[in-house]
Amino acid sequence: MNRLTQFFSLCFCIVLLSCQQLLAQDKGLVNTSKSDYSLLHNVDMEDVVWTQGFWADRFQVCKESMIPSMWHLLSDPEVTHSLRNFEIAAGLENGIHEGPPFHDGDFYKWFESVANAYAITKEASLNQLMDQIIPLIARSQREDGYIHTPVVIEQKNKANNKKEFQDRLDFETYNMGHLMTAACVHYRATGKTSLLEVAKRATDYLYNFYQKSSPELARNAICPSHYMGVVEMYRTTQDPKYLELAKSLIDIRGMVENGTDHNQDRIPFRQQTQAVGHAVRANYLYAGVADVYAETGDDSLLQALNLIWEDMVHTKMYVTGACGALYDGVSPDGTSYQPSEIQQVHQAYGRPYQLPNISAHNETCANIGNVLWNWRMLQITGEARFADVMELALYNSVLSGISLDGTRYCYTNPLQVSDDLPFDLRWSKEREEYIALSNCCPPNAVRTVSEVSNYAYSISDKGLWLNLYGGSTLATTLTDGTSLRLSQQTDYPWDGNIKIRVEQAPDNKVSFFFRIPGWCKDAQLKVNGKAHEARHTPGTYTEINRKWSAGDEIELILPMQPTLIEANPLVEETRNMVAVKRGPVVYCLESADLPEKVEMHQVALPAQIALKPKRMQIENTEVVGLEGEALLIQQQAWNQQLYREVSTHEQQSVPVRLIPYYAWGNRGTTEMTVWMPLNR
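Residues numbered from 1 in each chain as written. Predicted model: local features only at pLDDT ≥ 70, side-chain atom pairs only at ≥ 80, totals over all residues. Heavy atoms only, no water.

### Thoughts on the environment of A604
With respect to the helices, strands and loops of the structure, A604 is situated in strand β19 (residues 603-606). C-alpha separation for the pair A604 and A630, spaced 26 residues apart in sequence, amounts to 6.0 Å. In this view, A604 contacts A630, L631, I633, P677 and N679; residues no more than four positions away in its chain are not counted. (Helix = DSSP H or I, 4+ residues; strand = E, 2+ residues; numbered from the N terminus. Contact = heavy atoms within 4.5 Å.)

Listed below in structure tokens is the structure:
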């Protein structure tokens with residue numbers, strides 16, 4: 001090798017090392033390690049491992065069933081064209097695009113679940129599978145960075161003269177947004193830039209597109225996953241134009257005359273005070289805006305987010321943490337009473353307190369969006385109220401979207417299912433292996449279950465924050481560079497006793513912040529057997545600041561009693577009814593657990609009912625049910641009757657068993673209800 005060749009080789013190595021240093025970042029799922037306006041930061045994806053209990057079981061099912069069964073569906077062209085569309089766009093197969101326009105995004109969500117699972121397990125087969133897929137995605141991308149298989153395929157086939165962003169319902173930016181987040185997660189999990197380079201070209205394409213397009217054309221972007229994606233690309237590459245793009249995406253909202261509440265662009269974002277419109281689009285938007293605030297500190301964004309959050313949580317969120325009550329409706333405020341001017345909303349938030357049960361839409365993706373939004377608000381503020389909502393949705397309206405064996409899915413998550421309903425709802429009352437035309441929720445549920453460990457712990461300049469509880473180990477690095485290792489043993493959410501053992505600690509004082517859930521009364525904390533004398537206020541974090549040593553043991557006791565929950569009387573459909581909650585888990589009554597000839601609407605719960613926890617198996621999965629004595633309301637059949645005179649009968653008791661809401665529908669076709677009549 002001559003000196004000139006050696007010189008150029010050295011230059012190449014220096015440039016390569018420089019690029020690697022530019023890309024070197026902490027490996028958190030949402031990387032706020034350098035976000036100036038985020039109080040908390042993720043630990044690295046590989047730092048947390050579920051070891052026993054609830055989430056260890058769910059992650060095992062995810063790795064062994066959810067991920068492979070979803071891959072089988074997405075890669076089988078007889079079922080779905082998700083993978084086949086990439087093969088056609090890449091020129092490896094002939095044909096046309098089939099399936100909904102958001103199929104690409106479905107695939108990227110599933111890919112992200114694989115990347116996170118690899119970060120934790122380091123299983124070579126997962127890495128090999130991703131390496132097999134990435135070149136196919138890269139080949140389906142145009143030279144200018146545009147990537148969206150419906151358009152790319154039509155242009156290859158020279159059909160219909162289709163152009164980019166002609167159809168605002170074509171989900172181009174939605175798909176690209178999920179590509180960006182999947183690429184960032186893959187890079188942090190593997191250290192490889194192969195998919196990140198594809199995402200960089202796509203993000204550059206979007207940046208150039210928005211620089212040139214009119215406000216009206218720029219508005220042709222729905223379901224804004226790309227807000228989160230673009231910010232995550234900025235965090236990964238530190239390219240300032242990506243943050244510039246993210247800020248401009250917010251600024252252009254409300255700039256056109258025909259904006260809608262359905263798409264959250266009738267008025268500028270900073271003027272919005274209510275959760276409105278399509279619930280998935282809304283929650284994705286709010287999560288993306290929170291990401292922009294974390295980088296910019298723009299108080300006008302946080303002010304709007306807080307107002308919208310208050311509106312959503314206190315007037316529009318279900319007791320399960322679900323969002324988006326209406327399948328079809330009209331915009332509450334963005335319309336007049338002129339029939340020609342009424343704006344439709346779809347799969348959307350409704351009016352305050354408009355929370356039906358049987359017809360509740362509650363799309364799984366919207367509930368996942370609620371998790372994404374509240375996680376970011378928690379990172380920004382350190383306020384436990386956001387962790388409470390995140391936990392509520394995870395245990396209830398997210399997990400209800402997937403069967404216990406990890407192979408069947410719900411698109412919607414109603415709070416009551418009745419065989420007596422004299423009409424068919426739009427979506428199936430049972431979980432399905434593949435949801436034709438709307439398979440967006442299944443891979444999103446898989447992705448979420450794969451990634452829950454990333455929400456368990458956070459770090460800040462003060463120390464460690466414990467957000468979600470579950471049997472796990474943590475081996476991480478604090479912000480000052482010191483190492484911390486601990487183990488956690490608990491049967492949460494079935495038992496509120498949590499034991500934490502410090503395995504390795506810094507030499508200096510460090511704070512541990514323990515979340516006291518909003519539902520918990522009389523929490524106790526002990527360090528090495530001695531009570532920590534402080535008030536443990538529900539809905540806050542309790543801080544313990546001390547010099548920790550290996551072998552220190554902390555015991556957190558969160559008493560969890562079955563509780564009857566009532567709704568604001570403005571929620572018409574649940575007036576004089578109650579739901580049951582124990583810890584973070586909402587319960588339901590399923591017809592499979594009723595005595596013969598007893599119907600669900602005949603069961604009333606006494607105000608003083610004594611419900612006792614009992615372990616049981618559903619679909620080979622251990623859950624904790626609640627058993628007690630309810631009241632049987634004797635009624636004649638309602639044949640061809642809408643109203644009738646009230647009759648009185650002698651009250652009889654009837655044994656009932658309630659199961660976790662997320663576990664309903666795993667024992668064949670059944671009826672179900674969360675809300676039951678209250679007998680005072």
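Next, the rest of the story.
### Considerations on the confidence of the model for the protein chain
Here the protein chain shows a mean pLDDT of 91. Residues at 70 or above account for 94%. Confidence over residues 1-25 falls short of pLDDT 50; this stretch has 17 contacts with residues more than four positions distant or in other chains. (pLDDT = per-residue confidence, 0-100.)

### Description of the nonpolar core
Ranked by size, the top nonpolar core spans 221 residues in total, and within it W110, F269, F512, F514 and V674 carry the most contacts. Apart from the residues within four sequence positions on either side, V674 is in contact with V319, L415, V578, A579, V586, Y587, C588 and Y661. (Core = buried A, V, L, I, M, F, W, Y, C linked by side-chain atoms within 4.5 Å. Buried < 20%, exposed > 50% of the residue type's maximum accessible area, 1.4 Å probe, protein only.)

### Overview of helix α11 (residues 240-251)
Between its first and last C-alpha, α11 extends 17 Å over twelve residues, near the 16 Å set by a 1.5 Å rise per residue. Among the residues of α11, Y242, L243, L245, A246, L249 and I250 are the ones counted as buried. For α11, the buried positions fall inside an angular range of 155° around the axis, keeping them on one side. On the buried face of α11, the contacting elements are α8 (194-212), α10 (225-237), α12 (279-296) and α13 (299-315). (Expected span 1.5 Å × (residues − 1). Arc of directions from axis to C-beta.)

### Considerations on the side chain of N31
When you line up the elements, N31 lands in the loop between α1 (3-23) and β1 (41-42). At 3.3 Å, the side chain of N31 forms a polar contact with the backbone oxygen of D26. (Polar contact = N/O pair within 3.5 Å; in protein donor to acceptor, adjacent residues only side chain to side chain.)

### Considerations on the pairing of strand β9 (residues 483-490)
Only one face of β9 is buried: it carries L484, L486, Q488 and T490, and the other face, with S483, R485, S487 and Q489, is open. For strand β8 (residues 471-477) and β9, the ladder comprises six bridges, and the chain directions are antiparallel. Bridge pairing in β9 links T473 to S487. Linking β8 back to β9 in an antiparallel pair, the connection comprises five residues, with G481 at a positive phi of about 90°. The sheet contact formed by β9 and strand β10 (residues 497-504) spans six bridges and is antiparallel. Looking at β10, one finds that S487 is bridged to R501. Connecting β9 to the antiparallel partner β10 that follows it, the hairpin turn spans six residues. (Pairing = 2+ DSSP bridges.)

### Focus: the sheet that holds β10
Spatial ordering of the open sheet is given by β2-β8-β9-β10-β15-β12-β13, a layout of seven strands whose pairing is antiparallel. Across the chains shown, the open sheet's two edge strands, defined by having one partner strand only, are β2 (48-52) and β13 (530-531).

### Structural notes on empty space enclosed by the protein
The full count for this structure, using the stated rule, is six cavities of 30 Å³ or more. Estimates place the volume of the largest cavity at around 170 Å³. Taken together, 15 residues line the largest cavity, and the ones lying closest to its centre are E112, T181, L372, R376 and R447. Sorting the residues of the lining of the largest cavity by element identifies α7 (172-190), α10, α14 (364-381) and α16 (441-451) as the ones contributing at least two each. Looking at the lining of the largest cavity, its residues break down into six nonpolar, four polar and five charged. (1 Å grid on protein atoms, 1.4 Å probe; cavity = no way out; pocket = protein on both sides within 12 Å on 5 of 7 lines; lining within 4 Å. Points joined across faces, edges and corners; volume = space filled by probe spheres on them. Nonpolar A, V, L, I, M, F, W, Y, C, P; charged D, E, K, R; others polar.)

### Considering the side chain of R188
Checked against the element boundaries, R188 lands in helix α7. A distance of 3.0 Å separates a polar side-chain atom of R188 from the backbone oxygen of G28. A polar contact of 3.0 Å, which involves the side chain of R188, links it to the side chain of E232. In this view, R188 contacts D26, K27, G28, L29, V30, N31, M45, E232, R235 and T236; residues no more than four positions away in its chain are not counted.

### Quick look at the sheet that holds strand β7 (residues 463-466)
Read across the sheet, five strands follow the order β1-β6-β7-β11-β14 without closing on themselves; strand pairing throughout is mixed. The open sheet has two edge strands with one neighbour each: β1 and β14 (540-546). Taken together, the four bridges between β7 and strand β11 (residues 510-516) define a ladder with parallel strand orientation. Across the sheet, G463 pairs through a bridge with S511, a residue of β11.

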